[in-house]
Amino acid sequence: KRAHAQRLGEIMRRVVIIYAMEEEFMPFVRDHGLAPVKPSPFSPGAPMVAYRGEVSNGAIDAVAVWCGRDRRFRSNSVGTVAAGVACYAAVEAFGPDLVISAGTAGGFGELGARTGDVYLSTKCIFHARRIPENFGGNTYEEYGFGHFRSPPAITSLAARASVKLGVVSTSDSLDCSPRDLQLLRSEGAVVKEMEAAAVASVAQWLGVPFVALKAVTDIVDGPESTAAEFYTNLAVASDALRDRLTDLLGLIAAVPAFDGMGAMPEAAEPCPPGNTSNAQSPKPPRHAEPTSRWKFAAVCRVVAEFGLVAILVASLQRR
């Protein structure tokens, strides 16, 4: 379960691929003959579905995770919440060396995107997690965007994998408001979708390298309706996604874990107050403690923080 690369220089072996839609997920599963993971590694009632198998001539242990079908609405579980939960559960269950958010997206024609193009992220951002600078300083504004940068060791493979490079931006809405459009353009986003930055955020928390791979179904700044264009091109884009993902995994099989991403340090230092750097903060080795101890420590931190709040409130009441 935890047999993933933990030392600088080990070759990447296990890759978790997170999908929001069954239509995006199944072409890769069928083409590589992946088998369902049974019993399910996820909590009872969780909708996620995992398939697993060897690809790239046995060099990669691929775990494809579909966020599943919403039990209430019977739709694909799209969006940031489902994607973030699926990523957390999959990393805990499988201990991967790399997480990929794979799926379809809208592209910007003015930046050269065409339907069927496949993009590898240079970084992922949230364009709808807007926190004004005057709310709490630049720290909160930058936190809102996220700026989750992709590892150069992976992005350097783009040309050989026949994919384009670009900024991938995430929100929970299919449409694009004028304010969204303004922020997307200011960040140079070439791809707009609904999951990648959430997966990137969770992967960063857990110290796992991350990239997004997105196939274009519709042109955001084009004349056609997004919904109509999306469903017209979904099958073709999903096939293109499968092909380019297969090529990319074949190349990743020769990449040393953390090469170009920075080695994981022995211990993590707290982020100093006022630090607004876009660089990823140092993190401890993944799963350095048993999961139960990690959860217990997290609970203790919450209790401690609650206690400090209670003391502050009591102090204010005495005034």
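See the structure above.
Let me sum up the structure you'll find in this document. Just so it is clear, the model here is predicted, and its values are computed rather than measured.

With respect to the element layout, Asp180 can be found in helix 6 (residues 178–186). Among the polar contacts listed, one links the side chain of Asp180 to the side chain of Arg130, at a separation of 2.8 Å. With near-sequence residues (within four places) excluded, Asp180 lies in contact with His127, Ala128, Arg130 and Asp175.

This part takes up the state of the cysteines. Applying the stated rule across the entire model yields 0 disulfides. In this structure Cys87 is a free cysteine whose sulfur lies 9.4 Å from that of Cys67, the closest cysteine sulfur available. Take Cys87: its relative accessible area is 1%, and that puts it in the buried class.

Counting 40 residues, the largest nonpolar core has Val16, Ile18, Val65, Phe94, Val99, Cys124 and Phe210 as the members making the most contacts within it. Taken together, the elements giving at least two residues each to this core come down to strand 1 (14–19), strand 4 (60–66), helix 2 (80–94), strand 5 (98–107), strand 6 (118–126), strand 9 (189–193), helix 7 (196–205) and strand 10 (210–219). The leading source of residues in this core is helix 2, at 9 residues. Other than its neighbours up to four places away in sequence, Val65 contacts Val16, Ile17, Ile18, Tyr19, Phe25, Phe42, Met48, Val49, Ala50, Ala86 and Ala90. One finds Ala62, Val118, Ala153 and Ile252 within the second-largest nonpolar core, a separate group that totals 39 residues.

About the criteria used
- Residues numbered from 1 in each chain as written.
- Predicted model: local features only at pLDDT ≥ 70, side-chain atom pairs only at ≥ 80, totals over all residues.
- Heavy atoms only, no water.
- Helix = DSSP H or I, 4+ residues; strand = E, 2+ residues; numbered from the N terminus.
- Polar contact = N/O pair within 3.5 Å; in protein donor to acceptor, adjacent residues only side chain to side chain.
- Contact = heavy atoms within 4.5 Å.
- Disulfide = S-S within 2.5 Å.
- Buried < 20%, exposed > 50% of the residue type's maximum accessible area, 1.4 Å probe, protein only.
- Core = buried A, V, L, I, M, F, W, Y, C linked by side-chain atoms within 4.5 Å.

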